[in-house]
Amino acid sequence: MPRRAAAQVRPVPADAINHNRLVQQIINKVMLDGKKSVAEKIVYDALAILAERTGKNPVEQLEAGIKALTPVLEVRSRRVGGATYQVPVEVPARRARTLAVRWLVQYARQRREKNMSQRLANELLDAQQQQGAAYKRKDDIYRMAQANKAFAHYRW
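S.K.: Residue-level account of helix H6 (residues 133-147), with values.
M.R.: Residues spaced three or four apart along an α-helix face the same direction, because each turn holds 3.6 residues. For H6, spanning 15 residues, the distance from its first C-alpha to its last is 21 Å, which sits close to the expected 21 Å at 1.5 Å a residue. Of the positions making up H6, those classed as buried are Ala 134, Tyr 135, Lys 138, Ile 141 and Ala 145. Down the axis, H6 shows its buried residues gathered within 125° of arc, on one side only. In H6, the exposed positions angled more than 90 degrees off the buried face are occupied by Lys 136, Arg 143 and Ala 147. Contacts made by the buried residues of H6 are with helix H3 (58-69), strand S1 (73-80), strand S2 (83-90), helix H4 (93-109) and helix H5 (116-128).

Laid out in structure tokens, this is it:
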């Protein structure tokens, strides 16, 4: 048991331009070495690319992409009698959204486009069409949870 109280959840403020918390969360995830202005430029350029390609509201497109990447189930390791089981559990909404943003940025960084804003925009477009590395990660985790459904009774 921890001796101190649980860490407080700090609310993410809305971003300055779109007044959206999700956009700010992605900016914070893209940011490296505290360079927030660079991260903002990358994300806003990616949203501009999204708007240009789809012709729709880029924030709605972003939310649709994140919704496509949001996991429903994940596996947690549970030790029972000397054996470790992968137990499928439902993902809480806050963690699911955090995972979706993390995967989006992580796999966007691994893409081969010219700059990060193009990578981010293309990863979002791929996510909406249920393809791309981030969507594959979500799908793999869901498949693993389905494969281990037999151990669901070990849930705690």
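Anyway, onward from the coordinates.
S.K.: Mind laying out the pairing of S1, listing which residues take part and the relevant values?
M.R.: With 8 bridges connecting them, S1 and S2 associate as antiparallel partners. Within S2, the position partnered with Leu 73 by the bridge is Glu 90. A loop of 2 residues connects S1 with S2, the two strands running antiparallel in sequence, and Gly 81 in this loop sits at a positive phi of about 55°.

S.K.: Could you give an account of a positive patch on the surface, with specific residues and numbers?
M.R.: A contiguous patch of positive charge, built from Lys 29, Arg 102, Arg 109 and Arg 137, is present on the exposed surface. Within the secondary structure layout, Arg 137 lies in helix H6.

Parameters and conventions
Residues numbered from 1 in each chain as written. Predicted model: local features only at pLDDT ≥ 70, side-chain atom pairs only at ≥ 80, totals over all residues. Heavy atoms only, no water. Helix = DSSP H or I, 4+ residues; strand = E, 2+ residues; numbered from the N terminus. Expected span 1.5 Å × (residues − 1). Buried < 20%, exposed > 50% of the residue type's maximum accessible area, 1.4 Å probe, protein only. Arc of directions from axis to C-beta. Contact = heavy atoms within 4.5 Å. Pairing = 2+ DSSP bridges. Patch = residues over 30% accessible without salt bridge, like charges linked within 9 Å, V, L, I, M, F, W, Y side chains within 5 Å. Areas by Shrake-Rupley, 256 points an atom, 1.4 Å probe, with all protein chains shown as cover. Salt bridge = Lys/Arg side-chain N within 4 Å of Asp/Glu carboxyl O. Lys, Arg positive; Asp, Glu negative; His and termini not counted. Charge placed at Lys NZ, Arg CZ, Asp CG, Glu CD.

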